[in-house]
Every structure is written in structure tokens, then in C-alpha cells.
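Next come the chains, spelled out residue by residue.
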Amino acid sequence: MVEVSSHFLLASFIIFLFAILFFGGAIRQKGLENRKGNGKRVSGKLGFLLTIIGFLSQLGYFITRWIAGGHAPVSNMFEFATFFSMMLVLGFLIFYYLYRSAVLGLFTLSVTVIIIAYGSMFPKEITPLIPALQSIWLKIHVMTTAAGQGILAISFVAALIYLIKNVNQSGITKSRFWLETVMYIVVVSIGFVLISFTFSAIDYKAQFEWMNKDGFQETYTYYLPAIAGPNEGVLLTEGRMEPLFELPANFNAKKVNTVVWSFLIGTILYGLFRLITRKRLAHVIRPLVKNIDDNLLDEISYRSVLIGFPIFTLGALIFGMIWARDAWSRVWAWDPKEVWALITWLFYAAFLHLRLSKGWHGEKSAWLAVIGFAIIMFNLIFVNLVIAGLHSYASP
Amino acid sequence: MKEIKCECGHVNPNGTVLCESCGKVLDEKQQQPILDMRYEGTARRSQTYKRTIIDKIWNFFSSVKVGVALIIITLIVSALGTIFPQEKHLSLTVPAEIYYKERYGWFGKVYYALGFHDLYGSLWYELLIASIGVSLVICSLDRAIPLYRALKKQKPKKHVSFLKRQRLFAETDLHDADEKDTFNLLKERLVNKRYRIMEDGENLLAEKGRFSRWGPYVNHIGLIIVLIGVMLRSVPGFYVDEWMMIKEGETKTIPGTDKQYYLTNHQFLIETYDENDNEAYKEALENQGAIVKNYQSNVTLYKASESLPGEEPKLTKLKDYEIRVNEPLTFDGFSIYQMTYKNELKSMTFGLMEKDTNEIFGQVTIDLDGPKRIYDLGNGYQVEILSYFPDFEFSNGEPSTKSGDPNNPAFAFKMITPDKRDGELSFTSIQQTIEPFGENKYKMVFQGADTVYYSGLTVRKNETLWILALGGTIFLIGVIQGSFWYHRRIWVKVVDNRFYIAGHTNKNWFGFQKEIDEIVDGTGLPFLIDQSKKSREKVNEG
Ligand code: HEM
């Protein structure tokens, strides 16, 4: 069953790659994507059909894994990332139904594919649930939150397209710089996927013995060559790379090492790209988006916040509080994860008010959507880093 | 109060920008090509009165700019609070000031000094939240009331200038004959799109989704109710947060219940997963070692009947229950949660041994909760406990005990045997044995220990939950009301064979324009033009 489930996931990954091609084809055809002529092109329709099949395949993954593990597969990083990618596709399907934009398909599925690949780099084993996680409210909470975040992420995708289309590439401006930074970070996440995939394919493992912050010996297994080694680390596995430098004990050296690698590979990739094309990445992509109507993008971006915000509130705050009351005895504990959910919520509230009262449309609103997504991603990765805190159940 | 009379005869309150009835511009300073329709050009207190202190406070809090600034400040401050763990999430043995300094260096020191170690309970954080609340109330009152008046009073008949200065607009000349047909066709199509129609001669107002305009105010009311719920928590009786450690076999009063309820803890259980639970867990169990499946306390709840002071209360059994994580025991508004546990020594067993022969002349099992003084082993062998230190330490060279918990028990034994009638003294703790009066012939050897579990339970009562639930529900209803529906209006006016049509929506213009296009398409009327684009292009050219 577990195997069937991973086949489904792989299938959806490949189907989405094809869907991207078809949406790309749809864009190349002439004609403005605006409120009159769209959704009629064959290529776009095929892309949409493939997306639906890919989504069903993801659903297959989700259901079979649920059956295999006996609990909803939303309890570790791999499972959460794949579920989030599924919600992103769901969000796209809703907005394709509403606005029939092929460009949106191209970009959303690209982000989806990166997120699936990203999630697949984490341990995929099915973990039994510790007592605190054995609650129906946890599933409802996580799934609704991810749905909200998936729809909010559509706002980011539309905003990104808006910015690629509208940020002036010929003058030295702050917005050109920041847009390119966003593109660079996307490349870095691709770097993470490539490097993790490469070394897991050759089954690289290096064990270290090191001194933790409380002065105890521990061992670490690195799955990437250690550039950043642990505090007073001693390499135990023969024939593996010695670290180039050592980190103090209060850093999680393994995670820092992964980050260093991702930036390294990402920077090389990005550098090569710039050398070959002699243009900024956003500049190169720009022709793809020239046919889409600005107001359409702006409206998609806004509307996905309008739809995503209440779902996020329900999932992250309200269901989260109901679950926390059962598991932790209190509705709100100011746990960092909770605080970041609150921050996300406050941020989107600010977004809505700025738009209504100060008339922040178009580019300003697009930047806000990008920041909102950055907060969501930070929370997702942050949660992963601190989730160990939840496991130490016995110490209050 | 100064009132403003419009050409059309309607009398508007002071501060009105657009006539409530016909929409004509009353404030001649408003000369932009497109009307600001945000609050229908109504008289808002904050825009009208600006003199007294109260006006100033009102105006300050009614500004969305201020509201957004408060939200952003709260957001940033909250984020700063997550850089280091909050004091209340740490179980510190040293003062927080020292902990933050030693653990995190100079930055930790600053963090502590600025009060971020206990941010969310601090007064200034509470003030920040409270000012958002005040802002919410004032802001909503400032807008909702005039908006309600305006939308209620609006008439289908509007001034031409009002239509011309809407964002979506078109005009054309029609012949007398088509005029009626076009008007009626348009009306029919609007009805098909589920618009409500109001007519006055050759003036028409088609409207839908007005109720969505109340969404923000409904959701703000929900938020205010939530904030009130949070505040009520500090009122005595609304909120109980107590803690009990209860040993297996013990019966205790439940703290926070005024000695009305008692709990017996029969047994505490920990279970871990094994492969029989699910073969899919095999890999994870190999990689991660033991994973806990269940923490559970088997308890019985009792209610105490009235009793005189000093008298033992009579207990009536209410129910047996298995408290697990996520499955608290609830009764009479209270909930009892499985939070932690601890495992402690319950009894220790020693043997009385002759050192030379290693022969054992009997065992004593000492209940660490209340050791006996004398243990008679028969045949003239006897062990006396002269003193007992449950949590032994040397302080100032004297043996003493740190606490009443048997963390490190130590005993002064007197061993009386047939050949040593006066007894030998020995001081025995877990680590060592001291023989104060020289070499003994006998010693007490440790033979085993029994342990007992304590369940760590939280007792909580929260009478504010229903308020939070109510507020949360209202908030959600309001947000959905305001964001899944939109307020759309279309005005049609025919004057002297000239046909005017204008449209306004409070959000999502793209979808609205698409809808109007469908309505207008094939009626002989021109498509409506988005005048905001035209004016933007003008700016670009100029
Ligand atoms: C965390 C706190 C807040 C939340 C979650 C919140 C939520 C919302 C939402 C969801 C909307 C509807 C937005 C839309 O439909 O696009 C809204 C509208 C609005 N909010 Fe808030 N709000 C908050 C605080 C405030 C504060 C402090 C103020 C006052 C300064 C304020 C003033 C307004 C105004 C004036 C509107 C627009 C009403 C209209 O034009 O129809 N809000 N709010």
C-alpha cells in the first residue's frame, strides 16, 4: 500500500510536468488573456485536463497512504509538504474555473512541482502518532490550514506574474532588485532538491560524533558532505569529506549544512544562467506573461486572499484552538508556531485593510502578497525546525 | 448643526459629500474625475468634527491608517517574542535574568531588559491589543452608521453628473422607439442576473449583494466579542488553572474546586508502539527507537458532601474514567488533563548481612512514605531506623533533607543482633555507607526497590470559552459575508433620448465588468468603459 501511494505521487509529479508544457503552449498562441477571449484554446484545455488527472493522482496518494498508516498523512514534513502542494493545485483549479488563465497554470504548477520535490527530500517513513497528535481535531486543523494556505499561495503566484510583467527591467530600481531576489530564492530551492536528490541516489552517509550544548556526546548522520560540521565533531565514517568549518553547539549543524549546500548549488545554477543568457531571470521569463491582463492578475491575487483568509482563520486559529484545548488544556499557549499563525493572520488582515482604505492595488498589493507567502513558508520551515519541542511531552 | 440642502430638495447632514438622495456632489472641493464612492460620500463624524479632544481621539482611532499601523506593530513585536523561548515555557532553576544572559549573551541580556522574555503577558502587549480593540469599535461606528443611512436612503434617480463620474460608464443616443425596448431588455437581463430593481420613471437602479457591505462590521463585532472573552478571563470564577501531582493509589481533593471534588488515581500507564500495531511503522520504529502510544491515568471522581470543619468529608462516587492526552475528564465545567508523569521510589528493601560470611538474617522493606521505627526480624535480630532523610544531602557538614520527596533516601540504622546486643550504627544512602563508630560486623545491603507513578494533571475551568466560540463564529460569518459576495450596482438613466449607464462595485471590478459586458452585449448599447484606466493613461501621457 505504501508503495502504491508513492507511485501515485510520482505519477502526479510527472503529469504536472506535462501540464506545464501544455499551459506553456497555450500562452504562445496569440491573443490577450483578458475578460473576453480566453479558455478557448485547445492547449490550455488539455493542460487543465491533465491538472485534474494529476490532482486525482495526488488524491490517490493521500488516500492510500492514509489507509496504510491508519492516520491522516499530515504529521511530518514530507506529508505536510505534499498535502500543501495538493491544496495549491486545488486552489488553482478553483481559480482556473473562475478566470481560465493558462499563465496562472504555468506558474502554479511550477511552484507545485518544486514543493513536491522539496517535500520528497524529507524522511518518508510513516511515523506512528504520539499521544498529543492522536486527535481528530489535529487532522481537521492541519488540513484546513493547509487548504487556506494553498489558496493564499495562489495570491503569491498571481502577484509574481504581475511583477514579472510590470517591473521595469531597464532601470536600476528597488523593485527590480527584490523581484530578482525572489527568483534567486526559487533557484536556491531547486538547488536544495538537486543536491539532496543526488546524494540520496548514491546513498551518501557520514557519521559524526560531537559535543552538544549541554556538554554531552551525540552522534549525527549527515546525508550530504559536511561543509559545516558540528561542534567538536569527529568523523566516524571512512572516506567521507572532513568539514570545512565547525559550528558552535547551539546551531543545528546538519540543517545549516543543508542550507549552505542549497545556496551553493543555487548560486552556481543562477550564475550559469546569468552568464549564458546575459539577462535577469525575471527578464527572460517576461515574454511568457506579456499577454495577460493586469487587472485580471490583480483580481486573482486579491480574490484568493478573500477566499483563503477565512479558511485560514478557521483552520489555523479556530480549529487550532479547539485542538489545543483538548491536547494542551488551553486554547492558546503562545507557542511559537501559534504566534506565527497569528502573525500570518494579522498580516493578511493588514493586506485587506491597505487595499480597501489606501487603495493599494497593482504593484503594491502584489508585493504584499509576496511577503505574505514568505511568512507562510517561513512558518512551514520554522515549524519543521522546532517541531522537536512538541515531542518532549514528558517535561512540561 | 448645519445641514446641506441639495438641488433635488433632499436635506443632508453636515459633512455630506455626495447627496444621499441624488448623488450630486455637494462638497465642491471633490473635483476628481471619478467619485470616491467608498462610504457613499456620507458624513462621517471623523471627517466632520475636528476640534475638541474627544474629536481628536475619535479621529485618531477611526483612521484605518492608525489601525493598520497598530496591527503591523503587533505583528512585528509578536515575531520578536519568538526569537528566544518565553520564560513561562522554560522550567528555570536560575533567575530568568541570569538565564537569558548566560544562554544567549549580550543579545539575551537586551532581550530580557526589554521584557521580551515575558512578552505576551506584559502590560504593554495587552495595551497594544486593547488599542486595536478600541480602534475597531470607533472605526466601525464611524463608518457603519452613515453607510447604513446612505444605502437605505438611496434612490434610483441620480444626477447625471453622478453617473458620469462612476468608474464604469457608457452613454449613447437612442431613438424614441428603441429606447423603451432597450430599457426593458436591460431590465430583464438584470433580473436574470439576480439584481434587485428599483425604478423611478426612466431611472433605474439595479443592485445586488448589499448585505456583503455589512461583512466587515459583523466580523469586527465578532473580534470585539473575542477580546471581551479574553478580558473576562481575569475575573475571578471565570478561569481556573490548577495543577496536581497524584500518586497511584492516592485520593486527593481537586484543587480549584473548593474541596467539592476528590480524585483517586488507581494506576498510571505508558504504552509504546510495536510492530504489531502496524507493519508500516517498522521503519520509523527502527530509526527513531521507542515511540509512545499512550499516557493514561485510571481515576475515580468523587463528590464530597457537606461536612463540619475538621470532620472527614463523605465521598460519593461520580464516575470512573481513563484520562488520556486529548481525552480529559470533564465535570461541572472543569476539565482534568493528562499532562506529565513522574516515577518515584516507593519502598526499598535491605538485607541484614554479616560481612564475613555474607549470610543474610532477614529483610526489611521500608515504605518511604512512612517508615516504621522498628523492624523485628525474629531470633533476636532487629533493625531500628534512627533517622530518615528522604532527599538526602550534606549541608554545613550535617546530614539533612532537601525535600520530602524520596529522591535520594538515606537512613541511620541501628542493627541489633544476638551477638551485638547494644546494636551497631550505620548510615546508609544510595551511594555510600558510613559506619560512624568504627568497623561493624553487620551491614544493611540494598536488595531492591519498588517504584510508584505520579500523574501530573492540570485542572482547568474556562467559563469564557462560549464567548470565544460565539465571537469566532460571528467573525467568520462576517468575513465570509464580506468576501464571498460583492456589492454591485448599476444605474441607468434616460434624459432627452440620451441613455446613460454606470456601474459600481465595492471590489473585484474585473468580474463585474465581465458581468456587465454579458448584460449589455447585443442590446445595442456600447460596452461600459473603465474610466480609471482612461484617466491613468492620461496621466501617463501628461
Ligand atoms: C486584527 C484585526 C482586524 C481584522 C482581522 C479585521 C478584518 C477585516 C476584514 C476581513 C475586513 C474586510 C476586508 C475586505 O472585505 O476586503 C475589514 C474591513 C475593514 N476594517 Fe478591519 N479588521 C481588523 C482590525 C481593524 C481595525 C483596527 C480597524 C480600524 C482602524 C479596521 C477597520 C476596517 C475598515 C474601515 C474596513 C472596511 C469597511 C468597508 O470599507 O466596508 N479593522 N476588516
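Being a predicted model, the structure only gives us computed values, none of them experimental. (Residues numbered from 1 in each chain as written. Chains lettered and ligands numbered in written order. Predicted model: local features only at pLDDT ≥ 70, side-chain atom pairs only at ≥ 80, totals over all residues. Heavy atoms only, no water.)

Draft legend 1. Inspection of the sheet that holds strand β20 (residues 433-434) of chain B at higher detail. All names here are of chain B. Spatially, the five strands line up as an open sheet ordered β14-β15-β18-β19-β20, and their pairing is antiparallel. Each having just a single partner strand, β14 (374-378) and β20 make up the two edges of the open sheet. Where strand β15 (residues 381-389) lies against strand β18 (residues 410-417), seven bridges are found, and the strand directions are antiparallel. Looking across to β18, one finds that Phe389 is bridged to Ala410. (Pairing = 2+ DSSP bridges. Helix = DSSP H or I, 4+ residues; strand = E, 2+ residues; numbered from the N terminus.)

Draft legend 2. Structural detail: the pairing of strand β2 (residues 217-222) of chain A. Residues and elements named next belong to chain A. One ladder, built from six bridges, connects strand β1 (residues 206-211) with β2; its direction is antiparallel. Bridging across to β2, Trp210 finds its partner in Glu218. Hairpin connection, β1 to β2: the antiparallel pair is bridged by five residues, and Gly215 has positive phi, about 80°.

Draft legend 3. Highlighting the coordination of the iron atom of the ligand. Protein-derived coordination of the iron atom of the ligand comes from His353 of chain A (NE2) and His220 of chain B (NE2), at a distance range of 1.9 to 2.1 Å. Residue classification places His353 of chain A among the partly exposed residues on the basis of a relative accessible area of 25%. Looking at His220 of chain B, the relative accessible area reads 11%, which means it is buried. (Donors = N, O, S within 2.8 Å, 3.2 Å for Na, K, Ca; no water. Buried < 20%, exposed > 50% of the residue type's maximum accessible area, 1.4 Å probe, protein only.)

Draft legend 4. Focus on a nonpolar patch on the surface. Residues and elements named next belong to chain B. Taken together, Ile76, Leu80, Ile83, Trp106, Phe107, Val110 and Leu114 make up a surface patch of nonpolar side chains, about 680 Å² in accessible area. Broken down by secondary-structure element, the contributors of at least two residues to the nonpolar patch are α3 (64-80) and α4 (96-113). For the nonpolar patch, the leading source of residues is α4, giving three residues. Turning to its location among the elements, Ile83 is positioned in the loop between α3 and α4. (Patch = residues over 30% accessible without salt bridge, like charges linked within 9 Å, V, L, I, M, F, W, Y side chains within 5 Å. Areas by Shrake-Rupley, 256 points an atom, 1.4 Å probe, with all protein chains shown as cover. Salt bridge = Lys/Arg side-chain N within 4 Å of Asp/Glu carboxyl O.)

Draft legend 5. Structural view of the packing of helix α1 (residues 2-28) of chain A against helix α3 (residues 77-99) of chain A. All names here are of chain A. In the contact formed by α1 and α3, the axes pass within 13 Å of each other and the chain directions differ by 35°. For the element pair α1 and α3, the recorded crossing hand is left-handed. Note on element contacts: α3 touches α1 through Phe78, Thr82, Val89, Phe92 and Tyr96, opposite Leu9, Phe16 and Phe23. Of the residues belonging to the contact of α1 with α3, the class tally is seven nonpolar, one polar and no charged. (Axes fitted to C-alpha atoms, helices over the stretch in contact; angles between N-to-C directions. Left-handed = near helix turned anticlockwise from the far one by under 90°. Contact = heavy atoms within 4.5 Å. Nonpolar A, V, L, I, M, F, W, Y, C, P; charged D, E, K, R; others polar.)

Draft legend 6. Examining empty space enclosed by the protein more closely. All names here are of chain B. Within the structure shown, the criterion is met by four cavities of 30 Å³ or more. By volume, the largest cavity is sized at about 80 Å³. What lines the largest cavity is simply Leu18, Cys19, Glu20, Gly23, Met37, Glu40, Ala150, Gln154, Lys158, Phe162 and Arg489. For the lining of the largest cavity, the per-class residue count stands at five nonpolar, two polar and four charged. (1 Å grid on protein atoms, 1.4 Å probe; cavity = no way out; pocket = protein on both sides within 12 Å on 5 of 7 lines; lining within 4 Å. Points joined across faces, edges and corners; volume = space filled by probe spheres on them.)

Draft legend 7. Spotlight on the packing of helix α8 (residues 215-232) of chain B against helix α10 (residues 465-484) of chain B. Residues and elements named next belong to chain B. The contact between α8 and α10 brings their axes to 7 Å, and the two run at 165°. As far as their axial angle goes, α10 and α8 are roughly antiparallel. Seen along the crossing, α8 lies across α10 with a hand that is left-handed. Contacts between α8 and α10 pair Gly215, Pro216, Val218, Asn219, Gly222, Leu223, Ile225, Val226, Gly229, Val230 and Leu232 from the former with Ile467, Leu468, Leu470, Gly471, Gly472, Ile474, Phe475, Gly478, Val479, Gln481 and Gly482 from the latter. Within the contact of α8 with α10, the residues separate by chemical class into 13 nonpolar, nine polar and no charged. (Parallel < 35°, antiparallel > 145°, perpendicular 65-115°, else oblique.)

Draft legend 8. Spotlight on the environment of Lys65 of chain B. Residue and element names in this part refer to chain B. Tracing the chain through its elements places Lys65 in helix α3. For Lys65, a relative accessible area of 58% gives the class exposed. Along the chain, Lys65 and Lys88 lie 23 residues apart, while their C-alpha atoms are 34 Å from each other.

Draft legend 9. Structural context of the site of the ligand. The immediate surroundings of the ligand are formed by 28 residues, with Tyr302 and His353 of chain A together with Cys139, His220 and Lys507 of chain B found nearest. Mapping the residues adjacent to the ligand onto the chains of the assembly identifies chains A and B. With respect to the ligand, the side chain of His353 of chain A contributes an N or O atom lying 2.5 Å from a nitrogen atom. Between the ligand and Lys507 of chain B there is a distance of 2.3 Å, counted from an oxygen atom to a side-chain nitrogen or oxygen. Elements with a minimum of two residues in the shell around the ligand: α9 (294-327) and α10 (336-357) of chain A together with α3, α5 (123-153), α8 and α10 of chain B. Among the elements that take part in the shell around the ligand, α10 of chain A stands out by supplying six residues, more than any other. (Near = heavy atom within 4 Å. Polar contact = N/O pair within 3.5 Å; in protein donor to acceptor, adjacent residues only side chain to side chain.)

Draft legend 10. Quick peek at the nonpolar core. Among the nonpolar cores identified, the biggest contains 160 residues, and Leu104, Phe107, Ile161 and Trp345 of chain A are the most heavily contacted of them. No other element matches the 17 residues that helix α5 (residues 136-166) of chain A contributes to this core. Not counting residues up to four positions away in its chain, the partners in contact with Ile161 of chain A are Val103, Leu104, Phe107, Val289, Ile292 and Leu297 of chain A. Among the nonpolar cores identified, the runner-up in size contains 21 residues, and Leu168, Ala170, Leu174 and Ala206 of chain B belong to it. (Core = buried A, V, L, I, M, F, W, Y, C linked by side-chain atoms within 4.5 Å.)

Draft legend 11. Broad picture of the interface of chain A and chain B. Each partner contributes residues to the interface: chain A has 64 residues there, and chain B has 67 residues. Here chain A packs against chain B, burying approximately 5,700 Å² in sum over the two surfaces, 63% of which is carbon and sulfur. One can count one salt bridge joining chain A with chain B. Notably, a salt bridge pairs Asp241 of chain B with Arg330 of chain A, separated by 3.7 Å at the nearest N-O pair. For the pair chain A and chain B, the number of links is 18 residue pairs in polar contact (both at pLDDT 80 or more). Secondary-structure elements contributing two or more residues to the side of chain A that touches chain B are α2 (42-69), α3, α9 and α10 of chain A. Per element, the largest residue contribution to the side of chain A that touches chain B is 16 residues, and it comes from α9 of chain A. Taken together, the residues of the side of chain A that touches chain B sort by class into 40 nonpolar, twelve polar and twelve charged. (Buried area = accessible area lost by both parts, 1.4 Å probe.)

Draft legend 12. Focus on α9 of chain A. Residues and elements named next belong to chain A. Across its 34 residues, α9 extends 47 Å between first and last C-alpha, which sits within 8% of the 50 Å expected from 1.5 Å per residue. Where α9 bends most, the angle comes to about 30°, and this point is Gly320. The N-terminus of α9 is capped by Asp293, whose side-chain oxygen sits 2.8 Å from the backbone nitrogen of Asn295. In the stretch just after α9, Ser329 is the one whose phi turns positive, near 75°. (Expected span 1.5 Å × (residues − 1). Bend = angle between axes of the 7 residues up to and from the residue.)

Draft legend 13. Layout of unusual backbone geometry. Phi is positive for Arg278 of chain A, which is not a glycine, with a value near 60°. Its place among the elements puts Arg278 of chain A in the loop between α7 (253-277) and α8 (281-285). Its relative accessible area of 68% is what places Arg278 of chain A among the exposed residues. Look at Lys259 of chain B: it is not a glycine, yet its phi comes out positive at around 60°. Checked against the element boundaries, Lys259 of chain B lands in the loop between β7 (251-253) and β8 (261-272).

Draft legend 14. Focus on the packing of aromatic side chains. Residue and element names in this part refer to chain B. Under the defined criterion, the tally for this structure stands at 69 aromatic pairs over all chains. When the ring of Tyr100 is compared with that of Tyr104, the centres are 6.1 Å apart and the planes differ by 40°; the resulting orientation is tilted. Of this pair, Tyr100 and Tyr104 are both found in helix α4, four residues apart, which corresponds to roughly one turn of the helix. A residue is classified by how much of its surface remains accessible, and Tyr100, at 0% relative accessible area, is buried. Aromatic pair Phe350 and Phe413: ring centres 5.4 Å apart, planes at 65°, arrangement edge-to-face. With Phe350 in strand β12 (residues 334-354) and Phe413 in strand β18, this residue pair connects regions lying 63 residues apart in the sequence. (Phe/Tyr/Trp six-rings, centres within 6.5 Å; stacked < 30°, edge-to-face > 60°.)

Draft legend 15. The environment of His504 of chain B, seen in detail. Residues and elements named next belong to chain B. Inspection of the secondary structure puts His504 in strand β23 (residues 498-505). Expressed as a C-alpha distance, the spacing of His504 and Glu207, which sit 297 residues apart in the sequence, is 9.6 Å. If we skip the residues at most four places from it in the chain, His504 touches Met37, Gln166, His487, Arg488, Arg489, Trp491, Trp509 and Phe512.

Draft legend 16. Molecular detail of α1 of chain A. Residue and element names in this part refer to chain A. For α1, which comprises 27 residues, the first-to-last C-alpha distance of 40 Å matches the rise-based estimate of 39 Å (1.5 Å per residue) to within 8%. Buried within α1 we find Ser5, Leu9, Ser12, Ile15, Phe16, Ala19, Ile20, Phe23, Gly24, Ala26 and Ile27. Next to the buried residues of α1 lie α2, α3 and α4 (102-120).

Everything listed here is a matter of geometry and, on its own, says nothing about what the molecule does.
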